[in-house]
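Results of the structural survey
Listed below are the residues making up each chain.
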Amino acid sequence: MSLLGSAAQSELAFELERTRGRTEELLESLSDEQLTRQFSPLQSPLVWDLAHVAHFEELWLLHGGDRRRSEHVELYDAFANPRSERGRLRLLTPDEARDYLRRVREAVLDVLPDLDPFLVRTVVQHELQHGETMAQTLVLAGLLDAELPEVTASGDIVVRAGAFTLGSTDEWAYDNERPAHIVELPAFRIDRALVTNAEYAEFVDAGGAPPLVWHDGLPARQPVQHVSFHEAEAYARWRGKRLPSEAEWEKAVKTLGAELEHTRGAVWQWTRTAFHGYPGFVAFPYREYSEPFFGGDYMVLRGGSWITDPVVSRTTFRNWDLPQRRQIFSGIRCASDG
Ligand SMILES: [Fe+2]
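What comes next concerns the included structure. No experiment lies behind these values; they were computed from the predicted model shown.

Looking now at helix α7 (residues 197-205). Among all positions in α7, only Asn-197, Tyr-200, Phe-203 and Val-204 are buried. One face of α7 carries all of its buried residues, which in axial projection span an arc of 110°. Where α7 is buried, its residues contact α8 (229-238). Where α7 terminates, the next one or two residues include Gly-207, which has phi positive at roughly 110°.

Set out below in structure tokens:
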């Protein structure tokens, strides 16, 4: 008997194929040279991401997480090779990587009825998240233009004191979004709009650090992006405000989301919360997804960028990065005490 009903099977097959379509579209106009070059020590060569996506799918959907049975584990295990060194590895060529992706996917579709749907959703989200990582590489290399919406909202709203449920019970939620639990917060205020390039330019003129990508042609009314946590925090302080905690961000979106502009679809929004497990956290499906990053070195970002797939940019999704990083599509929404 299969684990999955036929409706669930076709939904998962659809998501697998839709995601692959996004990956292929992102890379379709690139030459082999562009796919194999390491543009930045912070980013892998694109062909590494490509074969790593195949490796991850093979490992979890064909071998149940058993690394000994997986092809190419020494090349494509993210923990075995730091990003800065991936350009020096003898990686699969673009054609070999595409062939690897195709072979793994064919085998996966054959066994789909017997797979754990949570693992399939994890594999889909993993590929979508690498799509965003590859888009960062392409933007930094000048091979892709960001498509940001205009900011039109202004002012802030009050979020009243009280309890709400932080986290998720959704079938797509990762281990770090669970368990959902009640959190009590005092009243606070949160800006309806993201910080724009024009607003951020005033901060730069006053001595603030510019974002990673910063030139005259940036549209004034678009959200600023490529800002580090340190810069975001300094900007908010300069305006007499502060960054929201991640609980504040999630409460505002869950209770008053319609009044906030660009909670997703523009830029990730830094919070002042360090990445930790929620009380009662249980690692699943594997320890390495979230747990090695807990402990206070990494700061949480919420929302989702202009390139983030809607499956990933759910309200409870927790992104994280080091506070000095700014190659990601990260911007600012300010808050203040109520
Ligand atoms: Fe990965």
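That shown, we press on.
Moving on: the coordination of the iron ion. Listed as protein donors to the iron ion are His-52 (NE2), His-126 (NE2) and His-130 (NE2); their distances from the metal cover 2.2 Å. One chain supplies every donor to the iron ion, and in sequence these donors are spaced H-x73-H-x3-H. Residue His-126 and its partner His-130 are located together in helix α6 (residues 117-140), separated by four residues, close to a single helical turn. For the pair His-126 and His-130, one class covers both residues: buried.

This paragraph deals with the sheet that holds strand β1 (residues 156-159). Backbone-to-backbone hydrogen bonds join strands into a sheet, with any given pair of strands oriented parallel or antiparallel. Spatially, β1-β4-β9 is the arrangement adopted by the three strands of the open sheet, whose pairing is antiparallel. Only two strands of the sheet have a single partner each, and these edge strands are β1 and β9 (335-337). Taking each pair of neighbouring strands and ignoring which way they run, the sheet shows an average axis angle of 25°. Of the strand pairs in this sheet, β1 and strand β4 (residues 188-191) are connected by four bridges, and their pairing is antiparallel. Within β4, the position partnered with Ile-157 by the bridge is Ile-190.

Let us look at the nonpolar core. Counting residues in hydrophobic clusters, the biggest one holds 77 residues, and the most contacted among them are Leu-27, Tyr-200, Trp-270 and Ile-332. Residue contributions to this core peak at 11 residues, all from helix α3 (residues 46-62). Grouped together as the second largest cluster of nonpolar side chains are 15 residues, Val-159, Leu-185, Ala-247 and Ala-335 included.

Moving on: the pattern of salt bridges. Scanning all chains against the criterion turns up 28 salt bridges. Lys-241 is paired through a salt bridge with Asp-191; the nearest N and O atoms lie 2.9 Å apart. With a gap of 50 residues between them, Lys-241 in the loop between α8 and α9 (246-256) and Asp-191 in strand β4 connect regions that are remote in the sequence. Put simply, Glu-250 and Arg-302 hold a salt bridge, and the shortest N to O gap is 2.7 Å. Residue Glu-250 is located in helix α9, and its partner Arg-302 is located in strand β6 (residues 299-303); the two are separated by 52 residues in the primary sequence. Accessibility classification places Glu-250 together with Arg-302 in one group, the buried group. A cluster of three or more residues bridged by salt bridges with shared partners is formed by Glu-17, Arg-20, Glu-57, Arg-105 and Glu-127.

Those residues of α8 that fall on the buried side of the exposure criterion are Phe-229, Glu-231, Ala-232, Tyr-235 and Ala-236. Seen end-on, α8 carries its buried residues on one side only, within an arc spanning 165°. On the buried face of α8, the contacting elements are α7, β5 (268-274) and β6. Looking one or two places after α8, you find Gly-240, whose phi comes out positive at around 75°.

Reading guide: rules and limits
- Residues numbered from 1 in each chain as written.
- Predicted model: local features only at pLDDT ≥ 70, side-chain atom pairs only at ≥ 80, totals over all residues.
- Heavy atoms only, no water.
- Buried < 20%, exposed > 50% of the residue type's maximum accessible area, 1.4 Å probe, protein only.
- Helix = DSSP H or I, 4+ residues; strand = E, 2+ residues; numbered from the N terminus.
- Arc of directions from axis to C-beta.
- Contact = heavy atoms within 4.5 Å.
- Donors = N, O, S within 2.8 Å, 3.2 Å for Na, K, Ca; no water.
- Pairing = 2+ DSSP bridges.
- Axes fitted to C-alpha atoms, helices over the stretch in contact; angles between N-to-C directions.
- Core = buried A, V, L, I, M, F, W, Y, C linked by side-chain atoms within 4.5 Å.
- Salt bridge = Lys/Arg side-chain N within 4 Å of Asp/Glu carboxyl O.

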